[in-house]
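Coordinate analysis (summary)
These are the residues of each chain, in order.
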Amino acid sequence: AESKLTGTDNVCVCSRAAWKENRGRALDAMSSEDLVEHRGPPLDSKPLDQGNPRAGQQPSLRAALTPAPKKGILESWRGFAGLVTRSLRELFFMAGENDSRLAEHRLPRAIWMLGVRYDLGPRQCDSDRAADESEQNNEMQEFRRDMQSRLWFTYRSNLAPITGNITSDSGWGCMLRSGQMMFAQALLVHNLGRNWRLPLDPAYRNLPDGYRQVLEWFEDQPSAPFSVHAIARAGEKIGKRAGTWLGPNTVCSAFASLHAASKCADQCGMQLLLLDTGDGDNTIYLDEARTSLQRGPTLVLLPVRLGMHTLDASYIQKVEHVFSFRQSVGFIGGRPASAHYFVASQGEAVFFLDPHTQRDKIVLHSNSGEALHRSFHCDTCRRMPLADIDASLTFGFYIRDAADLTDLADSIKKSNASMKGYPAISVADERRG
């Protein structure tokens, strides 16, 4: 049911084996007369087709398989090479149910994912087509590995009782899971760096200690410091009963209290600074951040409200630009009663990890030779228009030191200066009044 929500499309981050299998099926269905070159229209000729953010820039696989008049051998070979490349692109950006608003404008070729840029679309110049397509394939593979390396927390069943007789967070825990993903991403960056990628080694025991430490902190056990059980208990202390949906501000407040009560800061050295005054000023106060940085690298959580109901149109470009900040660990939000963890932007479209999948609990054993961790990584992400997102969301920024804070402040100021209207995020030296 979740995959049929209007306003989203699925993005398949497929394995190499799956790609080869699907490519083989496509090529087996072709005759030699289909191996011809199909040139797409000029980049500014028409809006995108539904289901393919690059339609209008590159023809679809279906169009490439449409019979056409025979041409020369050279053109046929160039068409074959282009088809294989486009097959990979089609599989990588496999669409489910699509949103017409994503088809009304041309999405850019660049994707920004948590401070890292990936150029996945075709260039306007056709002078070195083969080299360009090879570069695109490499970028897609790197983007795939990056996405697969993010921790993915979803609904789980058959848990130890969370409270009373509740043994699953299905239907109400999506914001808790989204908050877990953003907090875990900051811890992964803290322990392993932003450039770390999930190894191919299937044995859980062979993974880095810094990775296993983070995953086990979020294990679905009552004793784990950031488990769904612990978050639910923290929510109850501020009047939010377990089994009811929580907003991003409440989840962040729960994480702040859990962080203060746990040994996380002592064990890993990462601090947490929640900038939530309830006055909607959307501001990072540098003096408070500097104070926290004196104790160690800091995850800054900034709850904001950027509109009445959904994200106001004046903020869309500003929010998408946040993913280009090197310190960004994304944001949590979504639609009412349906939360997600947003990790990347492609123009006015945003990619997110979706917690709305129920699976059985996993018990982690540090010495296990099994691939226990694969249940916490996703081969498919989803995409939706920023215009559909609820106005209430929370940004996260991992700041390693004072120089990193200065760089973030400069990036925010530069971004605000280049765009008109009220900023989505501001910086100030200190609070006033």
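Structure first, text after, so check above.
Residues numbered from 1 in each chain as written. Predicted model: local features only at pLDDT ≥ 70, side-chain atom pairs only at ≥ 80, totals over all residues. Heavy atoms only, no water.

1. Structural notes on the packing of helix 6 (residues 174–192) against helix 7 (residues 209–217)
- Contact pair helix 6 / helix 7: the axes reach a minimum separation of 9 Å and the direction vectors enclose 160 degrees. As far as their axial angle goes, helix 7 and helix 6 are roughly antiparallel. Crossing geometry of helix 6 relative to helix 7 is assigned as right-handed. Here Ala-184, Leu-187, Leu-188, Asn-191 and Leu-192 of helix 6 come into contact with helix 7, specifically with Gly-210, Tyr-211, Gln-213, Val-214 and Trp-217. (Axes fitted to C-alpha atoms, helices over the stretch in contact; angles between N-to-C directions. Helix = DSSP H or I, 4+ residues; strand = E, 2+ residues; numbered from the N terminus. Parallel < 35°, antiparallel > 145°, perpendicular 65-115°, else oblique. Left-handed = near helix turned anticlockwise from the far one by under 90°. Contact = heavy atoms within 4.5 Å.)

2. A word on helix 9 (residues 248–261)
- Helix length check: helix 9, at 14 residues, gives a terminal C-alpha distance of 20 Å against a target of 20 Å (1.5 Å per residue), a fit within 8%.
- Those residues of helix 9 not exposed but buried are Pro-248, Thr-250, Val-251, Cys-252, Ala-254, Phe-255, Leu-258 and His-259. (Expected span 1.5 Å × (residues − 1). Buried < 20%, exposed > 50% of the residue type's maximum accessible area, 1.4 Å probe, protein only.)

3. Overview of the packing of aromatic side chains
- Applying the stated criterion to the full structure yields 16 aromatic pairs.
- Aromatic side chains Trp-217 and Phe-226 sit 6.4 Å apart centroid to centroid with 85 degrees between the ring planes, which places their arrangement in the edge-to-face category. For the pair formed by Trp-217 and Phe-226, the shared burial category is buried.
- A centroid spacing of 4.7 Å and a plane angle of 20 degrees characterise the contact between Phe-331 and Phe-342, whose relative ring orientation is stacked. Taken together, the residues Phe-331 in strand 8 (residues 328–335) and Phe-342 in strand 9 (residues 338–346) connect sequence positions 11 residues apart.
- A residue is classified by how much of its surface remains accessible, and Phe-331, at 1% relative accessible area, is buried.
- Taking relative accessible area as the criterion, Phe-342 reaches 0% and is therefore assigned buried.
- Looking at Arg-156, its charged tip hangs above the ring of Phe-376, at a distance of 4.8 Å from the centre. (Phe/Tyr/Trp six-rings, centres within 6.5 Å; stacked < 30°, edge-to-face > 60°. Lys NZ or Arg CZ within 6 Å of the ring centre and 35° of its normal.)

4. A closer look at the pattern of salt bridges
- Taken as a whole and assessed by the stated rule, the structure comprises 14 salt bridges.
- Among the salt bridges present, the one from Arg-117 reaches Asp-119, with a minimum N-O distance of 2.9 Å.
- With a shortest N-O distance of 2.9 Å, Arg-177 and Asp-220 are connected by a salt bridge. Of this pair, Arg-177 sits in helix 6 while Asp-220 sits in the loop between helix 7 and helix 8 (228–237), placing them 43 residues apart in sequence.
- Exposure remark for Arg-177: the relative accessible area of 1% places this residue in the buried category.
- What makes Asp-220 buried here is its relative accessible area of 6%. (Salt bridge = Lys/Arg side-chain N within 4 Å of Asp/Glu carboxyl O.)

5. As for the pairing of strand 10 (residues 349–353)
- For strand 10, a buried count of five out of five residues is recorded, marking the element as mostly surrounded by other parts of the structure.
- Neither face of strand 10 is open: one carries Ala-349, Phe-351 and Leu-353, the other Val-350 and Phe-352, and all of them are buried.
- The pairing of strand 9 with strand 10 spans five bridges and is classified as antiparallel. In the strand pairing of strand 10, Tyr-341 is matched with Leu-353.
- Hairpin connection, strand 9 to strand 10: the antiparallel pair is bridged by two residues, and Gly-347 has positive phi, about 65 degrees.
- When strand 10 meets strand 12 (residues 380–385), the two strands line up antiparallel, connected through four bridges. Paired with Phe-352 across the strands is Arg-382, a residue of strand 12. (Pairing = 2+ DSSP bridges.)

6. Quick look at the environment of Leu-114
- Mapped onto the elements, Leu-114 comes out in the loop between strand 2 (110–113) and strand 3 (116–119).
- Along the backbone, Leu-114 and Phe-331 are 217 residues apart, and their C-alpha atoms lie at a distance of 9.9 Å.
- Dropping the residues within four chain positions of it, Leu-114 is found in contact with Arg-150, Gln-185, Arg-194, Phe-323, Phe-325, Arg-326, Ser-328, Val-329, Gly-330, Tyr-341 and Val-343.

7. Thoughts on the pairing of strand 8
- Summarising burial for strand 8: eight of the eight residues are buried, a large majority.
- In this sheet, strand 13 (residues 390–399) lies alongside strand 8 in antiparallel orientation, the contact comprising three bridges. Across the sheet, the residue bridging to Ile-332 is Thr-394, located in strand 13.
- Relative to strand 9, strand 8 is paired through five bridges, and the arrangement is antiparallel. By the bridge assignment, Gly-334 is partnered in strand 9 with Ala-339.
- From the end of strand 8 to the start of strand 9, which pair antiparallel, there are two residues, and Ala-337 there has a positive phi angle of about 60 degrees.

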